[in-house]
Amino acid sequence: MKFSYQWLCELVPGLATEPKSLQRLITMKTAECEGIEPFGAHFAQVVAARVVAIEPAGKGKNKLVRIDAGGGKTASVLCGAPNVQVGMLAPWVPPGTNLQGKMIGRAVIDGLESEGMLASAAELGINRDHSALLELSNVEPGQTLPELRPDWIIEIDNKSLTHRPDLWGHFGMAREVAAITGGTLHDPVHTEVLPQGEAAITIDIADTVLCPRYSALVFENVRVGPSPLWLQARLESLGMNTINNIVDVTNFILAELPQPMHAFDAGKLKGGTIFVRTARAGESLRALNGETYDLTAADLVIADESGPVGLAGVIGGADTAISETTTRIVLESANFQAASVRLTSARHKLRTDASMRFEKALDPENTIRGLARAIELFKQVCPEMTVRGGVIDTRGPLPRTQPIALPLQFVTRKLGTPVSYEQVTRILDALGFQSRETSPGLLTVTVPTWRATKDISLKDDLVEEIGRMIGYDEITPEAPVAAAVPPYSNPMRLYARGVRTQLADQGFTEVYNYSFVAQADVKVFGPDIREHIEIRNPIASELTHLRRSLLPGIYKNIISNMRHFPEFRIFEIGHEIHPKSGAGLPDEVTHVVAALYNSRGDEQDFFEMKRVLECLFRNARMAATRARGYEHPVRAAEVHWRGSVIGRLFELHPSLLADEGVEGRAILFDVNLQLAQQLTSAVETKYTPLRKYPTSGFDLSVVTNWEKPVAQIQDELTRLAGPALAAIDFIRQYDGPPLEAGQKSVSYHLEVGALDRTMTADEVAEIRSRIIEGMRGLGYEFRGD
């Protein structure tokens with residue numbers, strides 16, 4: 001986005017800040033400037049010259065032109081322009097002038113000396129016409145070109161203006177400049193010039209959401225021609241092409257207020273009504289750029305009785321374009337919904353100066369101001385133009401901005417520096433806000449319409465306005481003062497993190513599942529669906545209830561992975577959600593579920609998962625229990641730890657895998673981590689000194705029936721050994737000959753000793769005998785004894 005320094009000076013009279021300094025201030029307080037460059041520096045040296053004689057100059061098209069440059073100054077210039085003639089006034093660029101980066105000097109061509117050059121409008125940077133010399137009027141030889149002054153162009157990054165639709169025009173930027181420099185803003189618009197009375201045209205808006213406001217005026221006695229040099233140069237300095245005096249005025253207002261406008265040739269419109277509606281099936285528009293666009297029902301169009309004459313907010317139609325024969329115009333000044341314009345522009349791959357502004361959400365109140373500004377400008381570029389009828393202004397209900405309560409203490413706390421009431425009100429007033437003190441230390445601020453569309457809605461936004469105008473570089477950076485409060489301790493999170501780390505070290509991969517289950521899952525893993533919490537708005541039609549178990553999710557993980565991997569280990573840590581019998585939120589109980597799958601598995605996988613459990617929960621014991629419906633009938637156990645049942649270890653029922661057409665075994669455990677963490681916190685760790693004296697060991701092989709749990713055997717051995725037992729280790733289990741069918745032999749190694757001395761062989765033998773006799777008394781036998 002380009003801004004003219006001279007234009008800003010006109011809108012902020014008395015602006016004394018140099019262009020480069022102003023660029024830096026705008027960067028620091030409003031928007032990021034990308035650069036600044038001079039424009040038309042040669043205007044101070046180019047003067048009007050009258051052609052007094054023309055002589056042939058060789059065989060080429062060049063002619064030797066004698067000019068009167070005023071003040072008795074004459075010169076000879078070689079010129080090949082087709083329109084050069086005696087008596088005409090043309091711009092003369094004297095030697096030594098830097099003309100848009102090119103130094104003009106004295107040249108000798110075909111033996112003839114040329115002093116400087118006569119220039120076209122394009123060579124001067126006024127417009128883009130290279131075809132002929134610029135013909136001047138109302139100026140005397142030796143005078144500089146009328147109303148043309150050197151300028152500076154400040155370029156601002158468009159991305160930094162996205163949230164500020166008011167800054168897409170010079171008037172909005174001038175308001176910022178006035179607030180920054182302490183100057184006074186001059187409003188170029190005088191709404192009192194708007195005519196009263198019945199309008200000469202009617203407007204029909206089908207949807208005021210897509211078009212909140214549409215204003216228009218009809219002008220007569222229009223004479224289309226070139227714009228004054230000042231208008232052409234100003235538009236050219238901003239990179240906008242000059243077309244004619246009517247279109248150039250609309251582009252000028254777009255760059256100033258910024259209000260996009262469009263002029264229709266009234267003689268080419270059909271009927272006396274302009275319709276604002278969505279396009280109909282089969283409609284198309286031949287646009288001003290020469291392209292034809294096929295329209296859709298999502299496109300908002302401007303239409304007459306014959307069909308679309310413009311794509312609303314984007315581009316006008318060629319069939320109603322302004323031409324040299326135009327004598328009556330309808331001047332449109334409207335406001336369109338930002339999203340609609342943006343989508344239409346993207347759909348047709350057509351981005352224009354108008355669409356870029358409309359899609360930023362312009363102020364609907366600006367439409368009338370645009371018409372008032374146009375009336376005054378048309379008097380300058382086409383004095384004979386007259387207005388027919390009054391203004392037609394059709395609008396829907398516009399949203400009202402709500403005042404914002406702004407405590408001064410809040411401003412001070414947010415900025416980190418004291419601010420006074422006078423300082424705050426001065427800044428807000430300069431930016432166009434209305435503020436009043438409704439109670440001590442409290443301001444009520446009314447947001448102006450041009451900042452309310454998508455910019456200012458919170459008191460924090462107002463703090464930003466105040467802070468940037470004070471200048472963030474003026475605020476001394478200080479670390480915020482905050483109480484040193486110890487962070488909240490979450491023992492469960494730390495405990496779960498430790499379990500997660502241990503399982504990962506054991507080769508398990510963590511998975512995450514939804515907290516929702518389907519009724520089919522509940523039928524397999526229970527409990528009854530009525531004991532689950534139903535979801536009012538499920539994310540999927542089948543996920544209707546909150547889970548009471550992690551097992552359904554891990555089961556689906558097993559099924560989806562076993563088709564790709566012959567073996568794997570996975571786990572999940574999550575919440576079971578249990579409803580409360582009374583009022584209140586449900587209970588969320590943290591569980592860990594782990595699964596080991598092996599397509600060629602055997603009973604050793606069960607013991608592997610038992611080992612993993614014992615790593616997680618030291619001295620945990622497994623006790624055989626009645627299997628549930630989804631568990632293997634004889635491979636299910638409760639996990640006992642520190643006097644409580646904390647979970648279950650089981651093999652998944654073979655039918656659940658067979659139903660999926662795969663083989664293998666899946667061993668799982670499901671542990672209540674919340675209970676385990678509580679048991680961990682409740683137990684005090686006691687120090688046991690290392691033994692100073694050696695121990696003695698011996699092996700025992702206990703013979704019993706096959707159904708006897710190994711853990712029960714170990715418990716009896718430990719009890720009978722008494723306090724002298726230093727360690728007991730499982731060696732192996734055997735169930736072959738010479739044992740009888742249905743019997744097994746379980747071998748252990750026991751280490752015994754005393755804390756205060758070395759035990760004698762007799763003492764060790766006495767302990768061994770006591771254990772054997774005690775076990776026989778319980779019905780056990782010994783092998784090899």
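Right above here is the structure, for reference.
Sequence positions are assigned chain by chain, starting from 1 and proceeding in written order. It should be noted that, the model being predicted, local features are given only for residues of pLDDT at least 70 and side-chain atom pairs only at 80 or more, the latter also being counted only at that level, while totals for whole chains, interfaces and linings use all residues. Heavy atoms throughout the structure, all of them, feed into the side-chain values; hydrogens and water do not.

Student: Before we go on, may I ask you to explain the pattern of salt bridges in this structure?
Tutor: Definition used for salt bridges: Asp or Glu carboxyl oxygen within 4 Å of a side-chain nitrogen of Lys or Arg. Counted by the stated rule, this structure contains 47 salt bridges. Glu113 is the salt-bridge partner of Arg106, the closest N and O atoms lying 3.9 Å from each other. Buried residues are those whose accessible area, probed at 1.4 Å on protein chains only, stays under 20% of the maximum for their type, while exposed residues exceed 50% and partly exposed ones sit between those limits. For Arg106, a relative accessible area of 52% puts it in the exposed group. For Arg395, the salt bridge goes to Glu365, with nearest N and O atoms at 3.2 Å. One end of the pair, Arg395, is in strand S23 (residues 386–395); the other, Glu365, is in the loop between helix H8 (353–358) and helix H9 (366–381), and 30 residues separate them in sequence. For Arg395, a relative accessible area of 38% corresponds to the partly exposed category. Among the charged side chains, a network of salt bridges with common partners joins Arg164, Asp166, Glu176, Arg451, Asp455, Glu465 and Arg468. Comment: elements are numbered from the N terminus, with helices defined as DSSP H or I runs of at least four residues and strands as E runs of at least two.

Student: In this structure, what is going on with the sheet that holds strand S33 (residues 631–641)? I would like to understand it.
Tutor: Adjacent strands of a sheet form backbone hydrogen bonds with each other and so pair up, either parallel or antiparallel. At least two DSSP bridges between two strands are needed for those strands to be called paired. Spatial ordering of the open sheet is given by S27-S30-S31-S35-S34-S33-S32, a layout of seven strands whose pairing is mixed. The outermost strands of the open sheet, each flanked by one partner alone, are strand S27 (509–510) and strand S32 (621–624). Pairing geometry for S33 and strand S34 (residues 644–652), over seven bridges, is antiparallel. Each bridged residue has a counterpart across the sheet, and for Val639 the counterpart in S34 is Gly647. Throughout, a contact is declared for two residues whenever any of their heavy atoms are within 4.5 Å. Geometry is summarised by axes, namely lines fitted to C-alpha atoms with helices restricted to the contacting stretch, and by angles between N-to-C directions that run from 0 to 180 degrees. In this fold helix H17 (residues 604–616) packs onto strand S30 (567–578), strand S31 (587–598), S32, S33, S34 and strand S35 (665–672), with an angle of close to 25° to the strand it touches most, S35.

Student: I keep staring at the packing of aromatic side chains and nothing clicks. Help me out?
Tutor: Pairs of aromatic rings are described using the distance from one ring centre to the other and the angle between the two planes. Only Phe, Tyr and Trp rings are paired, with Trp represented by its six-membered ring, and only when their centres lie within 6.5 Å; those with planes under 30 degrees apart are stacked, over 60 edge-to-face, the remainder tilted. Inspection of every chain in the model, using the stated rule, returns 13 aromatic pairs. Pairing Phe730 with Tyr748 gives two aromatic rings, centres 5.8 Å apart and planes at 75°, and the pair type is edge-to-face. Taken as a pair, Phe730 in strand S37 (residues 725–734) and Tyr748 in strand S38 (residues 743–752) lie far apart in primary sequence, 18 residues in all. Overall, Phe730 belongs to the partly exposed group, its relative accessible area being 45%. Note on Tyr748: relative accessible area 0%, which makes it buried.

Student: Help me out: how do you make sense of the sheet that holds strand S14 (residues 213–220) in this one?
Tutor: One open sheet holds the four strands; their spatial order is S15-S22-S14-S23, and the pairing between them is antiparallel. Looking at strand neighbours, the two that pair on one side only are strand S15 (261–265) and S23, the edges of this open sheet. The sheet shows a mean angle of 20° between the axes of neighbouring strands, direction not considered. Pairing of S14 with S23, which is carried by seven bridges, proceeds in the antiparallel orientation.

Student: Got a minute to help me understand helix H13 (residues 459–470) in this structure?
Tutor: Because each turn of an α-helix spans 3.6 residues, side chains separated by three or four positions end up pointing in the same direction. Each helix should span, by expectation, one fewer than its residue count multiplied by 1.5 Å. Here H13 spans 17 Å end to end across twelve residues, near enough to the 16 Å set by a 1.5 Å rise per residue. Among the twelve residues that make up H13, nine are buried, leaving the element largely enclosed by the rest of the structure. Three or more residues of H13 are buried, namely Asp461, Leu462, Val463, Glu465, Ile466, Gly467, Arg468, Met469 and Ile470.

Student: What exactly am I supposed to notice about the side chain of Asn251 here?
Tutor: Tracing the backbone through its elements, the reader meets Asn251 in helix H6 (residues 245–256). Contacts of Asn251, omitting those with residues within four sequence positions, involve Leu235, Met240 and Asn241.

Student: Looking at this model, I keep getting lost on the environment of Met759. Mind explaining?
Tutor: Here Met759 is to be found in the loop between S38 and helix H21 (761–777). Residues contacting Met759, with those up to four places away along its chain left out, are Ala724, Gly753, Ala754, Val764 and Ile767.

Student: When you look at helix H5 (residues 229–237) in this model, what are you seeing that I'm missing?
Tutor: Among the nine residues in H5, nine count as buried, and that is most of the element. Along H5, the positions that sit buried rather than exposed are Leu229, Trp230, Leu231, Gln232, Ala233, Arg234, Leu235, Glu236 and Ser237. Elements that come into contact with the buried residues of H5 comprise strand S1 (2–4), helix H1 (5–11), strand S2 (33–39), strand S12 (151–156), H6 and H9. Trailing H5 by a residue or two, Gly239 shows a phi angle of about 80°, which is positive.

Student: Before we go on, may I ask you to explain the nonpolar core in this structure?
Tutor: Nonpolar side chains in soluble globular proteins tend to end up buried together. For the purposes of this section, nonpolar cores are sets of buried Ala, Val, Leu, Ile, Met, Phe, Trp, Tyr and Cys residues that join through side-chain atoms within 4.5 Å. Tyr214, Phe336 and Phe378 are the most contacted members of the largest nonpolar core, which totals 93 residues. Counting residues per element, this core draws most heavily on H9, at eight residues. Beyond its immediate stretch of four places on either side in the chain, Phe336 contacts Leu210, Cys211, Pro212, Tyr214, Val276, Leu300, Ile302, Ala312, Gly313, Val341 and Phe358. Membership of the second largest hydrophobic core comes to 30 residues, among which are Val499, Leu616, Ala620 and Val639.

Student: Which parts of the structure should I look at to understand the pairing of S32?
Tutor: Where a strand is regular, its side chains alternate between the two sheet faces. Sheet topology places S32 next to S33; four bridges connect them, and they run antiparallel. Pairing of Met622 across the sheet is with Val639, part of S33. From the end of S32 to the start of S33, which pair antiparallel, there are six residues.

Student: Just to check I follow, could you spell out the environment of His545 for this structure?
Tutor: Relative to the assigned elements, His545 resides in strand S29 (residues 545–546). The class for His545 is buried, based on a relative accessible area of 6%. Between the C-alpha atoms of His545 and Val517, which are 28 residues apart in sequence, the distance is 5.5 Å. Excluding anything up to four places from it in sequence, His545 contacts Ser515, Phe516, Val517, Gln519, Ile529, His532, Ile533, Glu534 and Ile535. The term polar contact refers here to a pair of N or O atoms within 3.5 Å; inside protein, the definition further demands a hydrogen-donor-capable atom paired with an acceptor-capable atom, and it admits residues adjacent in sequence only when both atoms are side-chain atoms. At 2.7 Å, the side chain of His545 forms a polar contact with the side chain of Thr544.

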